[in-house]
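The residues making up each chain are set out below.
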Amino acid sequence: MRVLLTGGAGFIGSHLAELLLAQGHAVSIVDDLSTGSFDNISHLRSNPAFSYVIDTVMNERLMAELIDQADVVFHLAAAVGVKLIVEAPTRTIHTNVHGTEVVLTQAAKKGKLVVVFSTSEVYGKSATVPFREDADLVLGPTFKHRWAYACSKAIDEFLALAYYRERRLPVIIVRLFNTVGPRQTGRYGMVIPTFVRQALAGEPITVYGDGTQTRSFTYVGDVVDALSRLMTTPAAVGQVLNIGNTEEVSIGELAERVRAKTGSRSPIVRIPYDEAYEAGFEDMPRRVPSIEKIHALIGYRPTVGLDEILERVIASVRADIAVADRR
Ligand code: UDP
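The sections below set out a description of the structure shown in this document.

### Comments concerning the overall build of the protein chain
Phase 1 of the analysis: The number of helices and strands found in the protein chain is 11 helices and 13 strands.
Phase 2 of the analysis: C-alpha extents for the protein chain along the principal axes are approximately 55 × 45 × 40 Å.
Phase 3 of the analysis: The buried share among the 327 residues of the protein chain stands at 53%.
Phase 4 of the analysis: Counting contacts in the protein chain only where the partners sit at least 6 residues apart, residues at least 24 apart contribute 79% of the total.
Phase 5 of the analysis: Within the structure as shown, the protein chain displays about 14000 Å² of accessible surface, and the carbon and sulfur contribution to it stands at 51%.
Phase 6 of the analysis: If the 35 positive side-chain charges of the protein chain are averaged to one point and the 37 negative ones to another, these points end up 2 Å apart.

Structure follows, in structure tokens:
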């Protein structure tokens, strides 16, 4: 198949591109490199089945052309990371809503399958864990910018489902839960690369809040494997699906594990949310996916647990540091 990845130079997109190429598909990427990086895809350039365009998904004429040449579109391009979202809410909303509008409008003209990337953030502060796809979304007030991300992604979901219903556009909506692995940067606040870099540098490991909040981390390899299977699963069309791992860990415990695994002597410090993000910042106390639906559909089960994830991330950050030191 000819597969178009918007945001393909990002962390998840570049892993997906690698897998799809290995499976024999042709992959093209469009990315404006706002949060993605050329380094993520430079090793793919020698593959004749790979091509890329550095531009924004808001360029309608370009998107019409690229979508025309593709059989499937994975729409990953978006503003990501809670830090970025709190600092640049206008950009977040515009990129996430308008970008998806452009992709769906152009895909609808040709009836191309679109996989729309949503997020576990849409479940918001809900206390009903594990989060099932048919659960209510519990978001905070509009003057707390964090919620703009969840809302913009929820609008993407509504829009995609509206295209499916009204125009018969094949869409699949995936809600990703804290995907992690090599190449993820800590620059946008993501906790695991941040803790690993801090521990390896002997700097304080910064736990925000009291550290009792939990997350369930999913290895990027498990995510892209599921995505490649969904692409050829007709029963996935018109569905909203969680992709995650049910292994839950508190952020305080995560800091301890990172320190132990790196053999670091870094102190673990607590930083109030107000200081880390903005005054009145709200975090979600727990986040665990229900993966029953995607298991029933494609037999999905995560294969890489948290300890293994940490070992792989630590090895990759160590390798990056060694390369940077040689430069
Ligand atoms: N976090 C932290 N220290 C950091 C970065 C993040 O304690 O340096 C916390 C953050 O407040 C949240 C969790 O780790 O409770 C996961 O944060 P991340 O930004 O990775 O993803 P989120 O689940 O918030 O989208």
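What follows picks up the thread again.
### Some points on the pattern of salt bridges
Phase 1 of the analysis: Applying the stated criterion across every chain yields a total of 19 salt bridges.
Phase 2 of the analysis: A salt bridge links Lys110 to Asp68; its shortest N-O distance comes to 3.2 Å. In this pair, Lys110 sits in helix 4 (residues 89-110) while Asp68 sits in helix 2 (residues 60-68), placing the two residues 42 residues apart along the sequence.
Phase 3 of the analysis: Put simply, Asp134 and Arg132 hold a salt bridge, and the shortest N to O gap is 2.9 Å.
Phase 4 of the analysis: A network of salt bridges, in which partner residues are shared, links Glu121, Arg146, Arg215, Asp283 and Arg287.

### Notes on the nonpolar core
Phase 1 of the analysis: Counting 58 residues, the largest nonpolar core has Leu5, Phe74, Leu227 and Ile243 as its most contacted members.
Phase 2 of the analysis: With near-sequence residues (within four places) excluded, Phe74 lies in contact with Val3, Leu4, Leu5, Thr6, Leu16, Leu20, Val115, Phe117, Leu227 and Met231.
Phase 3 of the analysis: Formed by 23 residues, the second largest nonpolar core is a distinct cluster that contains Met63, Ala77, Leu169 and Ile173.

### Here we look at the packing of aromatic side chains
Phase 1 of the analysis: Evaluation of the coordinates by the stated rule reveals eight aromatic pairs.
Phase 2 of the analysis: Centre to centre, the rings of Phe74 and Phe117 are 6.3 Å apart; their planes meet at 50 degrees, and the pair counts as tilted. With Phe74 in strand 4 (residues 72-75) and Phe117 in strand 5 (residues 113-119), this pair connects stretches of sequence that are 43 residues apart. For the pair shown, Phe74 and Phe117 are each scored as buried.
Phase 3 of the analysis: An aromatic cluster is present here, built from Tyr208, Tyr273, Tyr277 and Phe281 joined pairwise through their rings.
Phase 4 of the analysis: One Lys or Arg, Lys83, reaches over the ring of Tyr277 and ends 5.1 Å from the middle of that ring.
Phase 5 of the analysis: The lysine or arginine in question, Arg312, covers the ring of Tyr219, its NZ or CZ lying 4.8 Å from the ring centre.

### Concerning the packing of helix 6 (residues 191-201) against helix 8 (residues 251-262)
Phase 1 of the analysis: Between helix 6 and helix 8, the shortest axis-to-axis distance is 9 Å and the interhelical angle comes to 40 degrees. One element, helix 6, and the other, helix 8, form an angle in the oblique class. Handedness of the helix 6/helix 8 crossing: right-handed. For the pair formed by helix 6 and helix 8, the contact residues are Val191, Ile192, Phe195, Val196, Ala199 and Leu200 on the first element and Ile251, Leu254, Ala255, Val258 and Thr262 on the second.
Phase 2 of the analysis: For the contact of helix 6 with helix 8, the class distribution of residues is 10 nonpolar, one polar and no charged.

### Some details on the environment of Pro89
Phase 1 of the analysis: Along the chain, the position of Pro89 falls in helix 4.
Phase 2 of the analysis: For the pair formed by Pro89 and Tyr149, sequence separation is 60 residues and the distance between their alpha carbons is 8.0 Å.

Cut-off values and rules
- Residue numbers run consecutively from 1 along every chain, following the written order of its sequence.
- Under the rules for a predicted model, residues below a pLDDT of 70 receive no local features and side-chain atom pairs below 80 are neither given nor counted, while totals for whole chains, interfaces and linings still include all residues.
- Here the side-chain values reflect all heavy atoms present in the structure, with hydrogen atoms and water set aside.
- The way it works is that DSSP assigns letters per residue, a run of H or I at least four long becomes a helix, a run of E at least two long becomes a strand, and they are numbered from the N terminus.
- Here the term buried applies to any residue with accessible area under 20% of the maximum for its type, exposed to any over 50%, and partly exposed to those in between, with areas from a 1.4 Å probe on protein chains only.
- The criterion used for residue contact is that any of the two residues' heavy atoms lie within 4.5 Å.
- Methods summary: accessible areas were calculated by the Shrake-Rupley approach with a probe of 1.4 Å, and residue burial reflects only the protein chains presented.
- Only four residue types enter the charge count: Lys and Arg as positive, Asp and Glu as negative, with His and the chain ends excluded.
- Lysine's charge is taken at NZ, arginine's at CZ, aspartate's at CG and glutamate's at CD.
- By convention in these notes, a salt bridge is any Lys or Arg side-chain nitrogen within 4 Å of a carboxyl oxygen on Asp or Glu.
- Here, nonpolar core means buried Ala, Val, Leu, Ile, Met, Phe, Trp, Tyr and Cys residues that are tied together by side-chain atoms lying within 4.5 Å of each other.
- The aromatic pairing rule takes the rings of Phe, Tyr and Trp, using the six-membered ring of Trp, and pairs them if the centres are within 6.5 Å, calling planes under 30 degrees apart stacked, those over 60 edge-to-face and the rest tilted.
- Our definition puts a charge over a ring when NZ of Lys or CZ of Arg is within 6 Å of the ring centre and also within 35 degrees of the ring normal.
- Geometry is summarised by axes, namely lines fitted to C-alpha atoms with helices restricted to the contacting stretch, and by angles between N-to-C directions that run from 0 to 180 degrees.
- An angle below 35 degrees is read as roughly parallel, one above 145 as roughly antiparallel, one from 65 to 115 as roughly perpendicular, and any other as oblique.
- Crossing chirality is assigned from the near helix's rotation relative to the far helix, an anticlockwise turn below a right angle marking it left-handed and a clockwise turn marking it right-handed.
- Each residue gets one label: Ala, Val, Leu, Ile, Met, Phe, Trp, Tyr, Cys and Pro are nonpolar, Asp, Glu, Lys and Arg are charged, and the others, such as Gly, are polar.

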